[in-house]
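# Chain and residue survey
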Amino acid sequence: RQGTSLMLRKISQQDVGDVLSPLSPVKTLSSNSASATKLLGARLAGFLPPGTTIGLIGELGTGKTQFVKGIAAGLGIPEAEVVSPSFGLINIYAGKKGLCHADLYRLETLDDIATIGLEDFPSGNGLCVVEWADRLGEGHDFFDIIVYFKWVAKGKRALRVDTCDTLKDCLQNL
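Please read all numbers here as calculations on a predicted model, not as lab measurements. (Residues numbered from 1 in each chain as written. Predicted model: local features only at pLDDT ≥ 70, side-chain atom pairs only at ≥ 80, totals over all residues. Heavy atoms only, no water.)

From N to C terminus, the chain includes four helices and seven strands. For the chain, the succession of helices and strands along the chain, N to C, is β-α-β-α-β-β-α-β-β-β-α. Look at the contacts in the chain between residues 6 or more apart in sequence, and 70% of them connect residues 24 or more apart. Total accessible area on the chain stands at roughly 8,100 Å², and carbon and sulfur atoms take up 51% of it. (Helix = DSSP H or I, 4+ residues; strand = E, 2+ residues; numbered from the N terminus. Contact = heavy atoms within 4.5 Å. Areas by Shrake-Rupley, 256 points an atom, 1.4 Å probe, with all protein chains shown as cover.)

Quick look at the nonpolar core now. In this structure, L44, I54, F67, I71, L99, I145 and V147 are the most contacted members of the largest nonpolar core, which totals 28 residues. Elements represented by at least two residues in this core include exactly β1 (24-31), α1 (34-47), β2 (53-58), α2 (64-74), β5 (127-131), β6 (145-153) and β7 (156-163). Top element by residues in this core is α2. It accounts for four residues. Leaving out residues up to four positions away in the same chain, F67 has contacts with T37, L40, G41, L44, L56, V147, F149 and L159. (Core = buried A, V, L, I, M, F, W, Y, C linked by side-chain atoms within 4.5 Å. Buried < 20%, exposed > 50% of the residue type's maximum accessible area, 1.4 Å probe, protein only.)

Glancing now at the side chain of K97. On the secondary structure map, K97 appears in the loop between β3 (90-93) and β4 (99-103). It turns out K97 is buried and unbridged, and the closest side chain with the opposite charge, D144, is 11 Å from it. Here L48 takes part through its backbone oxygen, which lies 2.2 Å from a polar atom of the side chain of K97. In contact with K97, not counting residues within four places along its chain, are A45, L48, P49, P50, L75, I77, N125 and G126. (Lys, Arg positive; Asp, Glu negative; His and termini not counted. Salt bridge = Lys/Arg side-chain N within 4 Å of Asp/Glu carboxyl O. Polar contact = N/O pair within 3.5 Å; in protein donor to acceptor, adjacent residues only side chain to side chain.)

Following both chains from N to C, one finds α1 and α2 inclined at 45°, their axes separated by 6 Å at the closest point. Considered as vectors, α1 and α2 are oriented oblique to each other. As for how α1 packs across α2, the hand of that crossing is right-handed. Residues A34, T37, K38, L40, G41, A42, L44 and A45 of α1 lie in contact with α2, whose contacting residues are Q66, F67, K69, G70, I71 and G74. Looking at side-chain class alone, the contact of α1 with α2 contains seven nonpolar, five polar and two charged residues. (Axes fitted to C-alpha atoms, helices over the stretch in contact; angles between N-to-C directions. Parallel < 35°, antiparallel > 145°, perpendicular 65-115°, else oblique. Left-handed = near helix turned anticlockwise from the far one by under 90°. Nonpolar A, V, L, I, M, F, W, Y, C, P; charged D, E, K, R; others polar.)

Next up on the list: the pairing of β4. The element β4 is extensively covered by neighbouring structure, given that five of its five residues are classed as buried. Both faces of β4 are covered, namely the face carrying L99, H101 and D103 and the face carrying C100 and A102. When β3 meets β4, the two strands line up antiparallel, connected through four bridges. For I90, the partnering residue across the bridge sits in β4 and is A102. What sits between the antiparallel neighbours β3 and β4 is a turn of five residues. Alignment of β4 against β5, held across five bridges, turns out to be parallel. Following the sheet pairing, L99 is matched in β5 by L127. (Pairing = 2+ DSSP bridges.)

In short, shape yes, function no, at least from these values alone.
Encoded structure:
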């Protein structure tokens, strides 16, 4: 992932089932609670090799941060340590694999995003998870996996997991 450059174009955030993605859809999952969303994140963490980058896209409150807490738990990072980096922009955690957790919600422009140095994090022995990944534009080549979150009923969300070809097999059991 060293030297990865972001190709920045606008992503459309539509229905989870209708969003076009250059990555291949692997699974659509459902969650009825924050606990179930965390469990899905923890399961995903167990399948991913170091250096994997994950983009999270969805409306406010659909469970993106809960999903990251699950990923962290799957990496041996205590849930209590994981907080949304909305104001700090990037949090780094140590576990079985490291975790870089970025939140782009407050950033207005692509220039703002470029200043936080996000491209420096995906290499190494950890995972990099970016909430509000749609703020990057259609720079999907930065991500190995994109998870789209959508409310489908009160308290129930759908998560569509799209991935690059090299990770398809390891995500089939998710």
